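# Results of the structural survey
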Amino acid sequence: MRTERANGGGQAARRDPKVIVGAAIIEDGRVLACARSAPPEVAGMWEFPGGKVEPGESETAALARECAEELGVRVEIGDRVGRSVRMAHGRAVLKVYAARLLHDDRPQALEHSGMRWLSAAELDTVTWLPADAPIVAALRPLLESAGAPPDGPTPDR
């Protein structure tokens, strides 16, 4: 996908949209959702953690960096989840990847106002950012096939 804009000479210049990556971190049949703390117009809405791919950086390297910065965790990046979602009037595109935590790392809300682990049945209990909503639909079957563990005490073995 490319966009065009007029340059100083009146000719159309081509530029690729900015790529934003997100992590659908899945553990025990649940996905990590993070509540935005800013800007004010989206504060309190939920998203997959992630951010911008910097020049010269691969999408997976950017996602690993963003997870470390936003959550203080190391992740293994898996396959894409859902389709690319256009954002910012076509100036950006969101790409979400499945991910799993490494080395027993536990996420911390370093840049978000809250975090929740959601099962497939709980995905609609939060208000997702508009760009993340199509990914939620694609994620549901992945979570259902993973099967969340039953709640309650685990029997001794």
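See the structure above.
Residues numbered from 1 in each chain as written. Predicted model: local features only at pLDDT ≥ 70, side-chain atom pairs only at ≥ 80, totals over all residues. Heavy atoms only, no water.

## Re helix α2 (residues 133-146)
For α2, built from 14 residues, the straight-helix expectation of 20 Å at 1.5 Å per residue is met to within 8% by its first-to-last C-alpha distance of 20 Å. At L139, α2 shows its largest kink, close to 35°, and the proline P141 lies no more than four residues downstream. Within α2 the residues assigned to the buried category are I135, V136, L139 and L143. Those residues of α2 that are buried lie in contact with β3 (18-27), β4 (30-35), β7 (75-87), β8 (92-101) and β9 (114-118). (Helix = DSSP H or I, 4+ residues; strand = E, 2+ residues; numbered from the N terminus. Expected span 1.5 Å × (residues − 1). Bend = angle between axes of the 7 residues up to and from the residue. Buried < 20%, exposed > 50% of the residue type's maximum accessible area, 1.4 Å probe, protein only. Contact = heavy atoms within 4.5 Å.)

## Digging into the pairing of β8
Of all 10 residues that make up β8, 9 are buried, and the element is covered over most of its length. Note that β3 and β8 share 8 bridges and pair parallel. By the bridge assignment, I25 is partnered in β8 with A99. As paired elements, β7 and β8 share 8 bridges and run antiparallel to each other. Note that in β8 the partner of I77 across the bridge is A99. (Pairing = 2+ DSSP bridges.)

## Here's the deal with the pattern of salt bridges
Inspection of every chain in the model, using the stated rule, returns 9 salt bridges. Taking the shortest distance from any N to any O, the salt bridge between E27 and R106 comes out at 2.8 Å. You can see E27 sitting in strand β3 and its partner R106 sitting in the loop between β8 and β9, a full 79 residues away along the chain. On the basis of relative accessible area, E27 is assigned to the partly exposed category, the value being 25%. One salt bridge connects E57 with R65, and the closest N-O pair in it is separated by 2.8 Å. One connected set of salt bridges, linked through shared partners, spans E57, R65, E66 and E69. (Salt bridge = Lys/Arg side-chain N within 4 Å of Asp/Glu carboxyl O.)

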